[in-house]
Amino acid sequence: MTTLFIADLHLSDHEPTITAGFLAFLQREAVHADALYILGDLFEFWIGDDDPNELHDNIANALSQLHDKGVPCYFIHGNRDFLIGKNFAKRSKMVLLPEESVIDVYGQKMLIMHGDTLCIDDPGYLRFRRYIHNTIIQKIFLSLPLFLRQKIAGKLRRQSKRSNRTKSSLMMDVNPLAVIKALKDHQVIHMIHGHTHRPAIHDMTIGRRLSQRVVLGAWHDNGSVLRIDPGDKIDLASFPL
Ligand code: OKV
Ligand code: MN
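Residues numbered from 1 in each chain as written. Chains lettered and ligands numbered in written order. Predicted model: local features only at pLDDT ≥ 70, side-chain atom pairs only at ≥ 80, totals over all residues. Heavy atoms only, no water.

The name given to the protein in an unreviewed UniProt entry is UDP-2,3-diacylglucosamine hydrolase, with Limnobaculum eriocheiris as the source organism. According to its UniProt record, the protein has this under Function (unreviewed entry): "Hydrolyzes the pyrophosphate bond of UDP-2,3-diacylglucosamine to yield 2,3-diacylglucosamine 1-phosphate (lipid X) and UMP by catalyzing the attack of water at the alpha-P atom. Involved in the biosynthesis of lipid A, a phosphorylated glycolipid that anchors the lipopolysaccharide to the outer membrane of the cell." In its Subcellular location (unreviewed entry) section, UniProt records this for the protein: "Cell inner membrane". (UniProt positions renumbered as here; feature names shortened; annotations may be inferred.)

### Quick word on the packing of aromatic side chains
Within the structure shown, the criterion is met by ten aromatic pairs. Centroid distance F25 to W219: 5.6 Å. Interplanar angle 90°. Geometry classified as edge-to-face. Separated by 194 residues along the polypeptide, F25 in helix α1 (residues 16-28) and W219 in the loop between β9 (209-215) and β10 (222-228) bring together distant segments of the chain. Residue F25 is classed as buried on the basis of its relative accessible area of 4%. For W219, a relative accessible area of 1% corresponds to the buried category. Ring pairing ties together the aromatic residues F22, F25, W219 and F239, which thus form one cluster. Directly above the ring of F45 sits R157, whose terminal nitrogen or CZ lies 3.9 Å from the centroid. (Phe/Tyr/Trp six-rings, centres within 6.5 Å; stacked < 30°, edge-to-face > 60°. Helix = DSSP H or I, 4+ residues; strand = E, 2+ residues; numbered from the N terminus. Buried < 20%, exposed > 50% of the residue type's maximum accessible area, 1.4 Å probe, protein only. Lys NZ or Arg CZ within 6 Å of the ring centre and 35° of its normal.)

### Focus on the pairing of strand β5 (residues 100-105)
Looking along a regular strand, one sees the side chains alternate between the two faces of the sheet. Covered by surrounding structure in β5 are S101, I103 and V105 only, the residues E100, V102 and D104 on the alternate face being uncovered. Both β5 and strand β6 (residues 108-113) contribute to a ladder of six bridges, which runs antiparallel. Bridge assignment links V105 to a residue of β6, and that residue is Q108. (Pairing = 2+ DSSP bridges.)

### Overview of the UniProt feature "binding site: substrate" (unreviewed entry) in the protein
Here the UniProt-annotated "binding site: substrate" (unreviewed entry) positions come out as N79, R80, D122, S160, N164, K167 and H195. You can see K167 is positioned in the loop between α6 (146-164) and α7 (176-186). Residue classification places K167 among the buried positions, given a relative accessible area of 19%. Look past the residues within four positions of K167 in its chain and what remains in contact with it is D122, Y125 and M172. Looking at K167, its side chain comes within polar contact range of the side chain of D122, at 3.0 Å. Within the fold, H195 resides in the loop between β7 (190-193) and β8 (200-206). Leave out the neighbours within four places in its chain, and H195 touches D8, D41, N79, H114, G115, D116 and C119. Side chain to side chain, H195 and N79 meet in a polar contact 3.1 Å long. (Contact = heavy atoms within 4.5 Å. Polar contact = N/O pair within 3.5 Å; in protein donor to acceptor, adjacent residues only side chain to side chain.)

### Looking at the side chain of S224
In this fold, S224 is placed in strand β10. Separated by 3.1 Å, the side chain of S224 and the backbone nitrogen of G217 make a polar contact.

### Structural notes on the coordination of the manganese ion (ligand 2)
As a benchmark, a tetrahedral metal site with four donors has ideal angles of 109.5 degrees, while an octahedral site with six donors has ideal angles of 90 or 180 degrees. Around the manganese ion (ligand 2), the protein supplies D41 (OD), N79 (OD1), H114 (NE2) and H195 (ND1) as donor atoms, at distances of 2.1 to 2.2 Å. Read in sequence order, the donor residues coordinating the manganese ion (ligand 2) give the pattern D-x37-N-x34-H-x80-H. With N79 in the loop between β3 (73-75) and α3 (86-92) and H114 in the loop between β6 and α4 (123-132), this residue pair connects regions lying 35 residues apart in the sequence. (Donors = N, O, S within 2.8 Å, 3.2 Å for Na, K, Ca; no water.)

### Regarding the site of ligand 1
Around ligand 1, 17 residues are found, and the nearest of them are F45, W46, N79, R80 and R157. The contact in question runs from an oxygen atom of ligand 1 to an N or O atom on the backbone of W46, over 3.0 Å. In isolation ligand 1 offers 630 Å² of accessible surface; the protein chains occlude 91% of this area. Where the shell around ligand 1 is concerned, the elements lending two or more residues are α4, α5 (135-143) and α6. Take the shell around ligand 1: its biggest share by element is five residues, from α6. (Near = heavy atom within 4 Å. Areas by Shrake-Rupley, 256 points an atom, 1.4 Å probe, with all protein chains shown as cover.)

### Some points on the sheet that holds strand β2 (residues 35-38)
Taken in spatial order, the six strands make up an open sheet running β4-β3-β2-β1-β10-β11, and their pairing is mixed. With partners counted over all chains shown, the strands left at the sheet margins are β4 (95-96) and β11 (234-240), one partner each. Sheet topology places β3 next to β4; two bridges connect them, and they run parallel. When the bridges of β4 are listed, F75 appears paired with L96.

### Side note on unusual backbone geometry
Keep in mind that most residues, glycine aside, have a negative phi and that most peptide bonds are trans. A positive phi is found at Y106, a non-glycine position, where the angle reads about 50°. Mapped onto the secondary structure, Y106 falls in the loop between β5 and β6. We note that Q187 has phi near 55°; this positive angle belongs to a residue other than glycine. We classify Q187 as exposed; its relative accessible area is 71%.

Below, the structure written as structure tokens:
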């Protein structure tokens, strides 16, 4: 019995090795799991469920097969694929969860999220996020023809790459007070997220209570997975793709 957590695969046409590694991971490991949680940034970018990209079909089919083999898959949006909608969820048979969710993993309550909302020291990103998460702005964007959405998204990604080069590594990490606040708000001591691409298990004491924050790794040269079993064992591992 194992529950699996992954995030930050950043799948795109430009990284066929990661796609192949993910499909192999689903068939070799995830099929034996109790559940699979994908904590955001499954895709490098997402401009609408109507994007006729073959990659999306292949991933949806693979996830749908996983569901048919009895493994439920849950998805939390990342900062890149936040526009994944009901249509893709249906095609892939994934359950979309709220951006901060508390789940029960073998009797242990865990807060799961993508992790970008913990990075509150980057005012530029916060402004961008507030803008593109506006539902009216999103409706307008999604109503644009596909070629225009592609053009806008490409431009925003190039701009973002440029501005990330000038951001300090502290600014790109989680804010410790935001972590404590999230745990407090949800009345939990365990939290799992991705986004920062700094895989680690952080043990902390908050007040007098032992608390744990697991950061999932991104999929670059290796895959990254967190395995939790009914014992207290948690295994944050990386594996070749
Ligand atoms: C996702 C990020 C690009 C970060 C645009 C309204 C707007 C949605 C969008 C376009 C971009 C998602 C949907 C993408 C995340 C980037 C660059 C930086 C830091 C609008 C609603 F602007 F036109 F009004 N977008 N895409 N970034 O390419 O997937 O998260 S994206
Ligand atoms: Mn992210």
